[in-house]
Amino acid sequence: MAFWLFKSEPNTWGWDDQVAKGAAGEEWDGVRNYQARNNMRAMKIGDRGFFYHSLSEKAVVGIVEVIAEAHPDSKADDPRWECVDIKAVAPLPRPVTLDMCKAEPRLADMVLVNNSRLSVQPVTEEEWRIVCEMGGL
């Protein structure tokens, strides 16, 4: 299993929206960055991800699971753009903010800490464990 982080503006698509989709999940559409798209192409069913609220919150708020591997983005006119489908698994008991991640020396190499603009990014197994611990899991 691999681990990922999915960033979304909470006023556009937030954790509550993801949870409301239930087991059917939702396409992680609208990604128009090659590196983020390539990250989605590497995902497998069952991979886990952090759901991250960007902009004002800047915090990991939940855990999602990949339920469909990369396929054409239904909202794109260009076939180069693909997406995966994800479903909500569980909220974090305590949100883990970007500032908390930056303050944790063990997360110094985390993509989120060094390239917070990338909307879909890999997370190492060790980073996953640390963030889950910080979030109360």
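Look above for the structure.
Each value, and the rule that gives it
Position numbers for residues count from 1 along each chain, tracking the sequence in the order it is written. Reporting of local features is limited, given that this is a predicted model, to residues whose pLDDT is at least 70; pairs of side-chain atoms are given and counted only at 80 or more, and all residues count toward the totals for whole chains, interfaces and linings. Note that the side-chain values use all heavy atoms of the structure and ignore hydrogens as well as water. We place a 1 Å grid over just the protein atoms. Points where a 1.4 Å probe fits but has no way out form a cavity, open points with protein on both sides within 12 Å along at least 5 of 7 lines form a pocket, and any residue with an atom within 4 Å of a point lines it. Grid points are joined across faces, edges and corners, and a volume is the space filled by probe spheres set on the points. Secondary structure elements follow DSSP: runs of H or I of four or more residues count as helices, runs of E of two or more count as strands, with numbering from the N terminus. The nonpolar class holds Ala, Val, Leu, Ile, Met, Phe, Trp, Tyr, Cys and Pro. Asp, Glu, Lys and Arg form the charged class, and all remaining residues, Gly among them, are polar. The cut-offs for exposure are 20% and 50% of the maximum accessible area for each residue type, with area from a 1.4 Å probe on protein chains only; residues under the lower value are buried, those over the upper are exposed, and the others partly exposed. For two strands to be treated as a pair, DSSP must find at least two bridges joining them. Within this scheme, the nonpolar core is defined by two criteria: the residues are buried Ala, Val, Leu, Ile, Met, Phe, Trp, Tyr or Cys, and they are joined through side-chain atoms within 4.5 Å. The contact criterion used is simple: two residues touch if any of their non-hydrogen atoms lie within 4.5 Å. Salt bridge, as used here, is a side-chain nitrogen of Lys or Arg placed within 4 Å of a carboxyl oxygen of Asp or Glu. Two N or O atoms count as a polar contact when they lie within 3.5 Å, although within protein this holds only if one can serve as hydrogen donor and the other as acceptor, and sequence-adjacent residues are included solely when both atoms are side-chain atoms.

Asker: Is there a simple way to think about the layout of surface pockets in this case?
Answerer: Summary: where empty space remains is shown by rolling a probe the size of a single water molecule over the atoms. By volume, the largest pocket is sized at about 600 Å³. Taken together, 25 residues line the largest pocket, and the ones lying closest to its centre are Lys7, Ser8, Glu9, Ser54 and Ser119. Secondary structure elements with two or more residues in the lining of the largest pocket: strand 1 (3–8) and strand 2 (26–27). The class makeup of the residues in the lining of the largest pocket is seven nonpolar, nine polar and nine charged.

Asker: Just checking my understanding: could you explain the pairing of strand 1 for this structure?
Answerer: Regular strands place side chains that alternate from one sheet face to the opposite one. Extensive coverage of strand 1 is indicated by the burial of six of its six residues. Burial along strand 1 is two-sided: Phe3, Leu5 and Lys7 and Trp4, Phe6 and Ser8, pointing in opposite directions, are all buried. In this structure, strand 1 lies alongside strand 3 (residues 48–53), joined through six bridges in parallel fashion. The residue bridging Lys7 from the neighbouring strand is Tyr52, located in strand 3.

Asker: Would you mind showing me how to read the nonpolar core here?
Answerer: One broad trend across soluble globular proteins is that nonpolar side chains are buried collectively. With 20 residues, the main nonpolar core has Leu5, Phe50, Val60, Met110 and Val131 as its most contacted residues. Listed by contribution, the elements that provide at least two residues to this core are strand 1, strand 3, strand 4 (59–72), strand 5 (82–97), helix 3 (98–103), helix 4 (111–114) and helix 5 (125–134). Sorting elements by how many residues they give to this core places helix 5 first, with five residues. The residues touching Phe50, leaving out its near neighbours within four places in the chain, are Trp4, Leu5, Phe6, Val60, Gly62, Ile63, Val123, Trp128, Val131 and Cys132.

Asker: Sorry if this is basic, but what is going on with the pattern of salt bridges here?
Answerer: Note on pairing: side chains with opposite charge can pair once their charged atoms come close. Counted according to the given criterion, the structure contains 10 salt bridges. With its nearest N and O atoms 2.4 Å apart, the salt bridge here joins Asp78 to Arg80. By relative accessible area, Asp78 is classed as partly exposed at 23%. With a shortest N-O distance of 3.3 Å, Glu133 and Arg129 are connected by a salt bridge. Taken together, the positions of Glu133 and Arg129, both in helix 5 and four residues apart, correspond to about one turn of that helix. One continuous salt-bridge network, built from bridges that share partners, spans Glu104, Arg106, Glu126, Arg129 and Glu133.

Asker: Mind showing me how you'd approach the side chain of His53 here?
Answerer: Along the chain, His53 falls in strand 3. In this structure His53 comes out as buried when scored by relative accessible area, which is 8%. Among the polar contacts made by the side chain of His53, one reaches the main-chain amide nitrogen of Trp15 at a distance of 2.9 Å. With residues up to four places along the chain from it excluded, the contact list for His53 reads Ser8, Pro10, Gly14, Trp15, Lys58, Ala59 and Val61.

What is shown is where atoms sit, not what they do.
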